[in-house]
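Secondary and tertiary structure notes
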Amino acid sequence: NQEATMTVGGEADIEEATSVLVGSSEESPPQDGGSSKEQTSGRANGKMDPATGMQRIPVVTAGDFDDEKESDEEAVQFPDSTHTYLFSEPVLSVPFMFSLAIIFISYMCLILALVDNLSSGKIPVNVSTTVRIAQYMSIIIALIMEEEIPTGLYLLRRIPNAYLKREFPEISYWMFVGSCLMRITMGYLFLANVLVILIYADGVLDIFYDVLALQFIQELDDIAFGLSKMRVLGQRMQTATMSSVFEVQFEKQRQVQGMKWKMKFALKAIYFLNLVGFLVGMIIVSSRQMKGVYY
């Protein structure tokens, strides 16, 4: 009798434990008529089909994204670049001065390249078909590779003065704007160099080599930041890379409808104008070459 009682008691314990485990995996009904706060992420987004008892997972399509929805765009962070030191570090500090040095080197290299090409370059009488195809393909490549202009404009659009002051009261908004404008002007120096190279080019490999060299100059700030992060440039520079400004995510802010539309349109319009400028310049040069103007 004692063994039978223990067996029955053991089965009861097992059934009770099983019911607890099963019950914990199921969604508990809400007490106030609302949705349960203990749902998993998958169950929170799906609904139960009463006919099959299976969960229906919502399918997200391209049509579900709307430019006007506040949650469509991801949070933005300050780029991992020495350009960020211009407003994240105190003036006259080692990282700030190092950032100025990188900017000076980048600007000087781009300016020297532009002056040298304009003074010593010569538009060829005519070019082969392969060179002409490479010229027009390089326009698309250059616009894709150039990221300083879109980065500067995007940061200005996504991080307004009030938002920056709320997150980092010690940062000067105008120093932030200055760093973004510096990015934009450097980007246009890069594009100006590319246009001159394409006009004076007479070989396919010369085009690609020169464009890649210009892109390397533009990426000096990213390379220097990576070296700083590895402590190659000293402990003070490594400390600057671990600043809290590189960790904060700036969520999209609600804006006045008219202003939001203008800011979105500006970035797309600038890309389009850059493309048109390149195409018009190359078409004019190509047509004059075919007419024998440069003999």
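Structural data are supplied above this passage.
For clarity, every value in this text was computed on a predicted model and none was experimentally measured.

Here we look at the packing of aromatic side chains
Following the criterion strictly, the structure yields 10 aromatic pairs and no others. With centroids separated by 6.1 Å and ring planes inclined at 35 degrees, the aromatic side chains of Tyr-85 and Phe-225 adopt a geometry described as tilted. Placement of the pair is Tyr-85 in helix α3 (residues 85-88) and Phe-225 in helix α10 (residues 220-229), with a sequence separation of 140 residues. The interplanar angle of 70 degrees and the centroid separation of 5.7 Å between the aromatic rings of Tyr-173 and Trp-174 together place this pair among those described as edge-to-face. Clustering of aromatic rings is evident, with ring pairs tying together Phe-78, Phe-87, Tyr-163, Phe-168, Tyr-173, Trp-174, Phe-176 and Phe-250.

Observations regarding empty space enclosed by the protein
Applying the stated rule across the entire model yields three cavities of 30 Å³ or more. Considering only enclosed or pocket space, the second largest cavity measures out at about 60 Å³ in volume. Leu-143, Glu-146, Ile-149, Pro-150, Leu-153, Leu-191, Leu-267, Ile-270, Tyr-271 and Asn-274 are the residues that line the second largest cavity. Secondary structure elements with two or more residues in the lining of the second largest cavity: α6 (148-158) and α12 (257-290). Element by element, the count of residues in the lining of the second largest cavity is highest for α12, at four residues. The class makeup of the residues in the lining of the second largest cavity is eight nonpolar, one polar and one charged.

Brief notes about unusual backbone geometry
The backbone of Leu-92 shows a phi angle near 75 degrees, a positive value even though the residue is not glycine. Following the sequence through the fold, Leu-92 ends up in the loop between α3 and α4 (94-120).

Some words on the packing of α6 against helix α8 (residues 173-200)
Packing of α6 against α8 leaves a shortest axis separation of 7 Å and a crossing angle of 155 degrees. As far as their axial angle goes, α8 and α6 are roughly antiparallel. The handedness of the crossing between α6 and α8 is left-handed. Residues Glu-148, Ile-149, Thr-151, Gly-152, Leu-153, Leu-155 and Leu-156 of α6 touch α8, and the partners they reach there are Phe-176, Val-177, Cys-180, Arg-183, Ile-184, Gly-187, Tyr-188 and Leu-191. Residues belonging to the contact of α6 with α8 are distributed by class as follows: 10 nonpolar, three polar and two charged.

Details of the pattern of salt bridges
Taken as a whole and judged by the stated rule, the model has two salt bridges. Arg-236 is the salt-bridge partner of Glu-89, the closest N and O atoms lying 2.9 Å from each other. Taken together, the residues Glu-89 in the loop between α3 and α4 and Arg-236 in helix α11 (residues 235-241) connect sequence positions 147 residues apart. Of the residues examined, Glu-89 reaches a relative accessible area of 10% and is grouped as buried. Arg-183 is paired through a salt bridge with Glu-148; the nearest N and O atoms lie 2.8 Å apart. Here Arg-183 is found in helix α8, whereas its partner Glu-148 is found in helix α6, with 35 residues between them in sequence. In this structure Glu-148 comes out as buried when scored by relative accessible area, which is 2%.

Basis of the calculations
Residues numbered from 1 in each chain as written. Predicted model: local features only at pLDDT ≥ 70, side-chain atom pairs only at ≥ 80, totals over all residues. Heavy atoms only, no water. Phe/Tyr/Trp six-rings, centres within 6.5 Å; stacked < 30°, edge-to-face > 60°. Helix = DSSP H or I, 4+ residues; strand = E, 2+ residues; numbered from the N terminus. 1 Å grid on protein atoms, 1.4 Å probe; cavity = no way out; pocket = protein on both sides within 12 Å on 5 of 7 lines; lining within 4 Å. Points joined across faces, edges and corners; volume = space filled by probe spheres on them. Nonpolar A, V, L, I, M, F, W, Y, C, P; charged D, E, K, R; others polar. Axes fitted to C-alpha atoms, helices over the stretch in contact; angles between N-to-C directions. Parallel < 35°, antiparallel > 145°, perpendicular 65-115°, else oblique. Left-handed = near helix turned anticlockwise from the far one by under 90°. Contact = heavy atoms within 4.5 Å. Salt bridge = Lys/Arg side-chain N within 4 Å of Asp/Glu carboxyl O. Buried < 20%, exposed > 50% of the residue type's maximum accessible area, 1.4 Å probe, protein only.

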